[in-house]
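Tertiary structure, described
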Amino acid sequence: MENKGFTVNVFDLKSGLTTYENANYVRIVSKDYNLLIMLDYMPIIGELQGKVDIKTDKGELHFENIVASYMNSNNVFNLMIQGEMNE
């Protein structure tokens, strides 16, 4: 069976853990950099202040003005939302 996408796990204190399958990409727009993470992207870990867009086969998700940590490894992207940005 062909792998169509990768798994995205999103954790925040309001909703707990939510898992999304078959993600096409994760776009990170932080105050200092932009990343586009796709299938078979290299392992990476970091923190962000900004927004994250996730495109799956079932739709799009948008998280704006967040402070979060993330990790990508073996086609599993983990996003841990710590809170909202102070402006």
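What comes next is a walk through the structure.

Applying the stated criterion to the full structure yields 1 salt bridge. We note a salt bridge from Lys51 to Asp53, for which the minimum N-O separation is 3.9 Å. A relative accessible area of 31% places Lys51 in the partly exposed class.

Our next topic: the nonpolar core. Residues Val26, Ile28, Phe77 and Leu79 are the most contacted members of the largest nonpolar core, which totals 19 residues. Elements that contribute at least two residues to this core include exactly strand S1 (6-12), strand S2 (16-30), strand S3 (34-38), strand S4 (44-56), strand S5 (59-73) and strand S6 (76-84). Ignoring anything within four residues of it in the chain, the contact list for Leu79 reads Asn9, Val10, Phe11, Leu48, Val52, Phe63, Ala68, Ser69 and Tyr70.

The subject of this paragraph is the layout of surface pockets. A probe matching the size of a water molecule, rolled over the atoms, marks out where space remains unfilled. There is about 150 Å³ of room inside the largest pocket. Lining the largest pocket are Asp12, Leu13, Lys14, Ile66, Ile81, Gln82, Gly83 and Glu84. With 4 residues, S6 is the single largest residue contributor to the lining of the largest pocket. Of the residues contributing to the lining of the largest pocket, the split by class is 3 nonpolar, 2 polar and 3 charged.

What counts as what
- Residues numbered from 1 in each chain as written.
- Predicted model: local features only at pLDDT ≥ 70, side-chain atom pairs only at ≥ 80, totals over all residues.
- Heavy atoms only, no water.
- Salt bridge = Lys/Arg side-chain N within 4 Å of Asp/Glu carboxyl O.
- Buried < 20%, exposed > 50% of the residue type's maximum accessible area, 1.4 Å probe, protein only.
- Core = buried A, V, L, I, M, F, W, Y, C linked by side-chain atoms within 4.5 Å.
- Helix = DSSP H or I, 4+ residues; strand = E, 2+ residues; numbered from the N terminus.
- Contact = heavy atoms within 4.5 Å.
- 1 Å grid on protein atoms, 1.4 Å probe; cavity = no way out; pocket = protein on both sides within 12 Å on 5 of 7 lines; lining within 4 Å.
- Points joined across faces, edges and corners; volume = space filled by probe spheres on them.
- Nonpolar A, V, L, I, M, F, W, Y, C, P; charged D, E, K, R; others polar.

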